[in-house]
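A look at the structure
Chain by chain, the residues run as shown.
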Amino acid sequence: MKAKVAINGYGTIGKRVADAVAAQDDMEITGVVKTRPSFEARIAQEKGYDLYTTARENIEQFKKSDIKVSGTLDDLLDKADIVIDATPGDIGAEYKELYNKHGIKAIWQGGEEHELAGFSFNSEANYKEAIGRDFARVVSCNTTGLVRVLYALDTAYGIRKARVTLMRRAADPNDIKTGPINALVPDPIKLPSHHGPDVNSILPHVDVTTMAVKTSTTLMHLHALNIELKDTPGEDAIINLFKERPRIRLVSSSDRIKSTAEAMEFAKDMGRPRGDVWENVVWKDSISISKGELYFFQAIHQEADVVPENVDAIRAMLELERDGARSIAKTNKILGI
Ligand code: NAD
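Residues numbered from 1 in each chain as written. Predicted model: local features only at pLDDT ≥ 70, side-chain atom pairs only at ≥ 80, totals over all residues. Heavy atoms only, no water.

A word on the packing of helix H7 (residues 123-130) against helix H12 (residues 307-317)
Two quantities define a packed helix pair, namely the angle between the helix axes and the distance between the axes. Between H7 and H12, the least distance of the axes is 9 Å, while the angle of their chain directions is 20°. Put simply, H7 runs roughly parallel to H12. Read as a crossing pair, H7 and H12 show a hand that is right-handed. Residue-level contacts link Ser123, Tyr127 and Ala130 of H7 to Pro308, Glu309, Asp312, Arg315, Ala316 and Met317 of H12. Its residues assigned to classes, the contact of H7 with H12 comprises five nonpolar, one polar and three charged. (Axes fitted to C-alpha atoms, helices over the stretch in contact; angles between N-to-C directions. Helix = DSSP H or I, 4+ residues; strand = E, 2+ residues; numbered from the N terminus. Parallel < 35°, antiparallel > 145°, perpendicular 65-115°, else oblique. Left-handed = near helix turned anticlockwise from the far one by under 90°. Contact = heavy atoms within 4.5 Å. Nonpolar A, V, L, I, M, F, W, Y, C, P; charged D, E, K, R; others polar.)

Right, dumping it as structure tokens:
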């Protein structure tokens, strides 16, 4: 029997996780929750997802829009084994009591604090620790991207210290309220940024410090990394290490991928749903060792990289698969990574 997954918060992340879950052979979507009628609700219905809403008083609005609603979040939580909470940051915390009341397992996203779930997840770094857990938080897009490369480097060579500058997209492409902006905004101005401590919620022993700047783009984040390793490998060894990782895609400027715009175009040309890039995009030709330290650039598609991590977190928490590498391989194969 397939595991039953509910999605509370069917926006940028929620709708992508829903499609990724529906594509797997060991889990299915029991229902998705929308607060009000919208094109997303209509498309969810066309895809065959049962729609639920947050409160009984919203049902009338859906009826008026000719969208069928199967009930409320309360009803849905009784039918599912696990809920993916992809509501906006800080809203998810308000649902913890309700999830507890229904005795349902829950996965929150990076907009919530680590303490809410008491456990932060990354498929490669700590799958084993997620097995059988009731609550987890899939860390943010930036933290997921950082953990993927830092975990690989730390396991292979040991990290003495990592210093990272994150150039963040100002808003998602569908966001008409907050961006893009005509400015470069140090964010936060008080350094370092929260991203380093967030990486430490998964890799507590890694010395990592981060700075972040909001930039006038919606496409992707760009990270500039400078890492001092305990062993100093050659550039080729780093390239081979990244090549072997399941969620790192090496690209090259000689292939005319010289920007986040071309990285996104590449994903569209590959026929990726919504043009999503689930992997870290690392520029092979940026990988350099200078004065004993490693440097490289990577781009992170903020709307997509956490999606396969949510699928793996479900598998671990519901004990559908005890081996992390096997879950990653299965998720990747089905998604086409
Ligand atoms: P979003 O605004 O695109 O989607 C949130 C959805 O939740 C919307 O459909 C909204 O209608 C719905 N919603 C609002 N209030 C609700 C409520 N009280 N109950 C139920 N649903 C409600 O947000 P998003 O970008 O998908 O972010 C969701 C989470 O994922 C946040 O924690 C965010 O920090 C995290 N995250 C976002 C990104 C990104 O770049 N978009 C990347 C990684 C992680």
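Examining the nonpolar core
Membership of the largest hydrophobic core comes to 44 residues, with the highest contact counts inside it found for Val5, Ile7, Val21, Ile29, Val32, Ile107 and Ile314. Taken domain by domain, the makeup of this core includes at least three residues from each of domain 1 (3-139 + 306-335) and domain 2 (141-300). Residues within four places of Val21 in sequence aside, it is in contact with Val5, Met27, Glu28, Ile29, Val311 and Ile314. Formed by 31 residues, the second largest nonpolar core is a distinct cluster that contains Val149, Leu166, Ile248 and Ile287. (Core = buried A, V, L, I, M, F, W, Y, C linked by side-chain atoms within 4.5 Å. Buried < 20%, exposed > 50% of the residue type's maximum accessible area, 1.4 Å probe, protein only. Domains from an automatic or database assignment.)

A word on the pairing of strand S13 (residues 280-283)
Burial of S13 is two-sided: the residues Asn280 and Val282 facing one way and the residues Val281 and Trp283 facing the other way are all buried. Summarising the sheet, strand S12 (residues 248-251) and S13 pair through four bridges and their orientation is parallel. When the sheet's bridge partners are listed, Ile248 is paired in S13 with Asn280. Note on the crossover from S12 through helix H11 (residues 260-269) to S13: the handedness is right-handed. Relative to strand S15 (residues 293-300), S13 is paired through two bridges, and the arrangement is antiparallel. Paired with Val281 across the two strands is Ala299, which belongs to S15. (Pairing = 2+ DSSP bridges. Right-handed = clockwise from strand over helix to strand, strands pointing away.)

Points about the site of the ligand
Around the ligand, a shell composed of 21 residues is seen, among which Thr12, Ile13, Tyr95, Arg169 and Asp172 lie nearest. Thr12 is positioned with one of its side-chain polar atoms (N or O) 2.8 Å from an oxygen atom of the ligand. Between the ligand and Gly111, the relevant distance is 3.1 Å, taken from an oxygen atom to a main-chain nitrogen or oxygen of the residue. Within the shell around the ligand, the residues separate by chemical class into seven nonpolar, eleven polar and three charged. (Near = heavy atom within 4 Å. Polar contact = N/O pair within 3.5 Å; in protein donor to acceptor, adjacent residues only side chain to side chain.)

Looking at unusual backbone geometry
Looking along the chain, the bond that leaves Asp187 and enters Pro188 is cis, with omega of 5°. With respect to the secondary-structure elements, Pro188 resides in the loop between strand S9 (185-186) and helix H9 (195-200). Here the residue pair Leu191 and Pro192 is connected by a cis peptide bond, since its omega of -10° sits within 30 degrees of zero. Locating Pro192 in the fold gives a position in the loop between S9 and H9.

A short note on the domain arrangement of the chain
Many structure descriptions define interface size as the accessible area lost when the parts assemble. Domain boundaries assigned for the chain yield domain 1 (3-139 + 306-335) and domain 2 (141-300). Taken over both partners, the interface formed by domain 1 and domain 2 buries close to 1,800 Å², and the fraction arising from carbon and sulfur atoms is 48%. Counting the surface domain 1 buries against domain 2, the share from its top three residues, Arg16, Glu124 and Val139, is 32%. Arg137 serves as the salt-bridge partner of Asp198, at 2.6 Å between the closest nitrogen and oxygen. Counting the contacts that link domain 1 with domain 2 gives 13 residue pairs in polar contact (both at pLDDT 80 or more). Those elements giving two or more residues to the side of domain 1 that touches domain 2 turn out to be helix H1 (12-23), strand S6 (120-121), H7, H12 and helix H13 (324-335). A class-by-class count of the residues in the side of domain 1 that touches domain 2 yields eight nonpolar, eight polar and eight charged. (Buried area = accessible area lost by both parts, 1.4 Å probe. Salt bridge = Lys/Arg side-chain N within 4 Å of Asp/Glu carboxyl O.)

Section: the packing of aromatic side chains
Inspection of every chain in the model, using the stated rule, returns six aromatic pairs. Relative to Phe135, the ring of Trp108 lies with its centre 5.3 Å away and its plane at 50°, an arrangement referred to as tilted. Taken together, the positions of Trp108 in strand S5 (residues 105-108) and Phe135 in strand S7 (residues 135-138) put the pair 27 residues apart, joining distant regions of the chain. Grouping residues by exposure puts Trp108 and Phe135 together as buried. Through pairs of rings, three or more aromatic residues link up here, namely Tyr95, Tyr99, Trp108 and Phe135. (Phe/Tyr/Trp six-rings, centres within 6.5 Å; stacked < 30°, edge-to-face > 60°.)

Describing H11
Since the α-helix advances by 3.6 residues per turn, residues separated by three or four positions end up pointing in the same direction. Residues of H11 that are buried include every one of Thr260, Ala263, Met264 and Ala267, and no others. Relative to the axis of H11, the buried residues are bounded by an arc of 95° and lie together on one face. For H11, exposure combined with an orientation more than 90 degrees from the buried face picks out Lys268 and Asp269. Here H11 starts with a cap whose side-chain oxygen sits 3.3 Å from the backbone nitrogen of Ala261, and that cap is Ser259. Following H11 by one or two positions, Gly271 has its phi on the positive side, about 80°. (Arc of directions from axis to C-beta.)

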